[in-house]
Structures are given as C-alpha cells and as structure tokens.
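# Descriptive analysis of the structure
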Amino acid sequence: MERRTTAMSYYLTSALGLQSLEIKKVNQTKKEIQVWVKQRRKTADCPACGKRTKKLHDYLPENKIRHLKIGQRVVYLLVKKRRFTCEKCDKTFTEKIPGLRKYSQTTNLGKLSTLLQLKDRSFSAAGKYSQVSYHTQARWLTTKLGKMLNNWEKEINQKKDEIAIGIDEISFSGHDMLLTLTNLTDHLIKGIFPNNSK
C-alpha cells in the first residue's frame, strides 16, 4: 500500500509539474482542485551569505496560489512558506518556492499555460477559458517577451541583406488599439506599443 501511495504521489507531482514539492493533501470542489504542498528540502540557502541552514524560525500564513486549469477546474496550491534563521550570519529569511516568483499569486507554469492559449485564440477567448482578465494576460505576455521586445541584436548579428518588418494595428477583444512591430523574416514580435492616433 505504501509503494502504491508513493507511486501515485510521484505521478501526480509530475503531471502537475511539482517535482520539487511534496503533496500533502488534495481536495476537490465543483470549481477548483486544492493541493496542499510543502518543500521536500529540510534546509534552505541564506540569500545573504549563501550558507545552507536547517534552523527553522517560523511559518508564514497559508497562501493560496493559482497553478493550472484542468478541464473546467482551476488547480490552486496551498502552501505555508517557512522562515529560516541562518546559523552563520543570523539573517532571518523566507524560503523560495521553485516556479513561483516573490509576491506572485500565480505559478510560472500557470502563467505559461495561460499564455499558450494565445497561440490560436484571442485574448477574450483565452480569458474565458483560463478565467484570467485581459489586463493580466497582457501584463504576463509583456513580462514574458521582455528582453525580446525592442531588441534587434539578433538581426544585427545575422547581417542579413534584407529583413522584412511588419507594422500592424490590432484591437484585442474590443480594448484599445495597439501597434505591433514584427520581424516578418524570422516571425518574431519585436514591439507592442499603444496607438496614440485617433
């Protein structure tokens, strides 16, 4: 029985992309799947001096973090982050959870799965499926594209004789018009700008 439970836990953590975490409990409702998780590691690395410590200080209140959408239900991770005290420099710090940026209420994998919906549908359709607002999707997309936007280093280094550039005016689900600048030769979005023309 113990081996079967361990195998199920392994497959569940793999399916949800949570390999570095341990699943403690799962609860399902009509609208969501709640997964209580904790770090597998018993230690944490001090951000100040880099020394590994196992000296536990306390726990933060439980945090509910949006993860993925499975079918019609959203998966939420419930986690109590631990706070450690470094045994070398005496700094108290909060552990980092892999795949979750500081202060974020959605995992990196959750953001990526939402943005992948934009490959073949509008912001409006993706938003209805993922239950994420247009403005949040736009913010995540801009952050994800980050270094690619307005960066022509790749094109300059390739030293091609010609590069086709496209400029298009797009309205996402009835919101303000945006201008997109695209490298048509390599099929890359290079810029998204507000359209100030009336």
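For the structure itself, look to the data block above.
Residues numbered from 1 in each chain as written. Predicted model: local features only at pLDDT ≥ 70, side-chain atom pairs only at ≥ 80, totals over all residues. Heavy atoms only, no water.

### Points about helix α4 (residues 134–145)
- Helix length check: α4 (12 residues) gives 16 Å between terminal C-alpha atoms against 16 Å at 1.5 Å per residue, within 8%.
- Of the residues making up α4, those classed as buried are Tyr134, Thr136, Gln137, Trp140 and Leu145. Down the axis of α4, the sector holding all buried residues measures 165°, keeping them to one side. Pointing more than 90 degrees away from the buried face of α4 are the exposed residues His135 and Thr143. (Helix = DSSP H or I, 4+ residues; strand = E, 2+ residues; numbered from the N terminus. Expected span 1.5 Å × (residues − 1). Buried < 20%, exposed > 50% of the residue type's maximum accessible area, 1.4 Å probe, protein only. Arc of directions from axis to C-beta.)

### As for the nonpolar core
- By size, the foremost hydrophobic cluster in this structure holds 14 residues, and its most contacted members are Leu16, Leu18, Val35, Val37 and Leu77.
- For this core, the elements supplying multiple residues, two or more each, are β1 (21–28), β2 (32–39), β6 (63–70) and β7 (73–79).
- Residues in contact with Leu18, not counting those within four places in the same chain, are Thr13, Val37, His67 and Leu77.
- Judged by nonpolar contacts, the second largest core, of eight residues, contains Leu118, Val132, Trp140 and Leu178. (Core = buried A, V, L, I, M, F, W, Y, C linked by side-chain atoms within 4.5 Å. Contact = heavy atoms within 4.5 Å.)

### Some points on the pattern of salt bridges
- Counted under the stated rule, the structure contains five salt bridges.
- Note that Arg41 is salt-bridged to Asp45, the shortest N-O span being 3.4 Å.
- Residue Arg41 is classed as partly exposed on the basis of its relative accessible area, which comes to 35%.
- In this structure, the salt-bridge partner of Asp58 is Arg83, at a minimum N-O distance of 2.9 Å. A residue pair is termed long-range when its members are at least 10 positions apart, and Asp58 in strand β5 (residues 56–59) and Arg83 in strand β8 (residues 82–85) qualify at 25 residues.
- Under the relative-accessibility criterion, Asp58 is labelled partly exposed at 30%.
- What makes Arg83 partly exposed here is its relative accessible area of 22%.
- Salt bridges here are not isolated pairs; linked through shared partners, they connect Arg41, Asp45 and Arg52. (Salt bridge = Lys/Arg side-chain N within 4 Å of Asp/Glu carboxyl O.)

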